[in-house]
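# Report on the structure
Residues per chain are reported as follows:
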Amino acid sequence: MFAAYVTITILTSAFTAIAAVTYLIGHDYPKAQLDMKRLPRSWVPMLGTLLAAGSLGLLAGFAVPVLGTLAAAGLVLYFVGALLAHLRVGSRQLVGPAVFFFVAVAALAVSLGYHGVS
């Protein structure tokens, strides 16, 4: 179980860190996504910061398990919001947010499985 926990946690952290960097450096893709979802571009730094916090929180979970579990739960909620934002505007481009969502769910599941629910 330890190997799965470490692998999935690092993979999820890497995925979300890459996404955070694209938001925080001002790449055009996140801006286009917000435009498509009819959300303000002023949200880009906040969304990037949330992704970065989730990524760092997952890694901090190796030292303080409750932080990793909370970070994974936060990322699950973040990507539920992303999926809902896509559906709200009728977008059928759901593969990207769905992949991130399922990776975050996997991180939450292995964190709870490895550390327990307590």
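Residues numbered from 1 in each chain as written. Predicted model: local features only at pLDDT ≥ 70, side-chain atom pairs only at ≥ 80, totals over all residues. Heavy atoms only, no water.

Scanning the protein chain from N- to C-terminus turns up five helices and zero strands. What you see in the protein chain, going N to C, is helices and strands ordered as α-α-α-α-α. Taken over the C-alpha trace, the protein chain has a radius of gyration of 14 Å; the compact-globule value for 118 residues is 13 Å, and the two agree within 12%. Counting across all 118 residues of the protein chain, residues that qualify as buried make up 37%. Across the protein chain, every contact between residues at least 6 apart in sequence was considered, and the portion connecting residues at least 24 apart equals 70%. As displayed, the protein chain has an accessible area near 6500 Å², and 76% of this comes from carbon and sulfur atoms. (Helix = DSSP H or I, 4+ residues; strand = E, 2+ residues; numbered from the N terminus. Rg over C-alpha atoms; globule rule 2.2 N^0.38 Å. Buried < 20%, exposed > 50% of the residue type's maximum accessible area, 1.4 Å probe, protein only. Contact = heavy atoms within 4.5 Å. Areas by Shrake-Rupley, 256 points an atom, 1.4 Å probe, with all protein chains shown as cover.)

With that settled, the discussion passes to helix α4 (residues 65-88). Since the α-helix turns once every 3.6 residues, residues separated by three or four places project in the same direction. A rise of 1.5 Å per residue sets the reference length of α4, with its 24 residues, at 34 Å; its end C-alpha atoms lie 35 Å apart and thus fit the reference within 8%. Within α4, burial applies to G68, T69, A71, A72, L75, V76, Y78, F79, A82, L83, A85 and H86. Turning to α4, the residues buried within the fold contact α1 (2-24), α2 (28-36), α3 (44-60) and α5 (95-115). Of the residues one or two after α4, G90 is the one with positive phi, at around 80 degrees. (Expected span 1.5 Å × (residues − 1).)

Here we take up unusual backbone geometry. Even without glycine at this site, R38 takes up a positive phi of about 55 degrees. With respect to the element layout, R38 can be found in the loop between α2 and α3.

On to α2, then. Along α2, the residues that are buried comprise P30, Q33 and L34. All buried residues of α2 lie within an arc of 95 degrees about the axis, which places them on one face of the element. Counted as exposed and oriented over 90 degrees from the buried face of α2: D28 and Y29. Positive backbone phi, at 55 degrees, marks R38, one or two positions downstream of α2. (Arc of directions from axis to C-beta.)

With that settled, consider a nonpolar patch on the surface. A surface patch of nonpolar side chains, about 360 Å² in accessible area, is lined by I10, L56, L59 and F62. Summarising the element assignment, I10 is placed in helix α1. By relative accessible area, I10 is classed as partly exposed at 44%. (Patch = residues over 30% accessible without salt bridge, like charges linked within 9 Å, V, L, I, M, F, W, Y side chains within 5 Å. Salt bridge = Lys/Arg side-chain N within 4 Å of Asp/Glu carboxyl O.)

Counting 21 residues, the largest nonpolar core has Y23, L51, L58, L75, Y78 and F79 as the members making the most contacts within it. Looking at this core, the elements that each hand over two or more residues are α1, α3, α4 and α5. Setting aside residues up to four positions removed in sequence, Y78 forms contacts with Y23, L47, L50 and L51. (Core = buried A, V, L, I, M, F, W, Y, C linked by side-chain atoms within 4.5 Å.)

With that out of the way, let us pick up the side chain of S111. Relative to the assigned elements, S111 resides in helix α5. Residues within four places of S111 in sequence aside, it is in contact with Y5, G68, T69 and G116.

Turning our eyes to something else, we now look at the packing of aromatic side chains. One pass over the structure, following the stated rule, counts seven aromatic pairs. Pairing F2 with Y114 gives two aromatic rings, centres 5.7 Å apart and planes at 50 degrees, and the pair type is tilted. Placement of the pair is F2 in helix α1 and Y114 in helix α5, with a sequence separation of 112 residues. Here F2 falls in the partly exposed class, since its relative accessible area comes to 49%. Where Y5 meets F62, the ring centres are 5.4 Å apart and the plane angle is 75 degrees; that geometry is what we call edge-to-face. Placement of the pair is Y5 in helix α1 and F62 in the loop between α3 and α4, with a sequence separation of 57 residues. Judged by its relative accessible area of 3%, Y5 falls in the buried class. (Phe/Tyr/Trp six-rings, centres within 6.5 Å; stacked < 30°, edge-to-face > 60°.)

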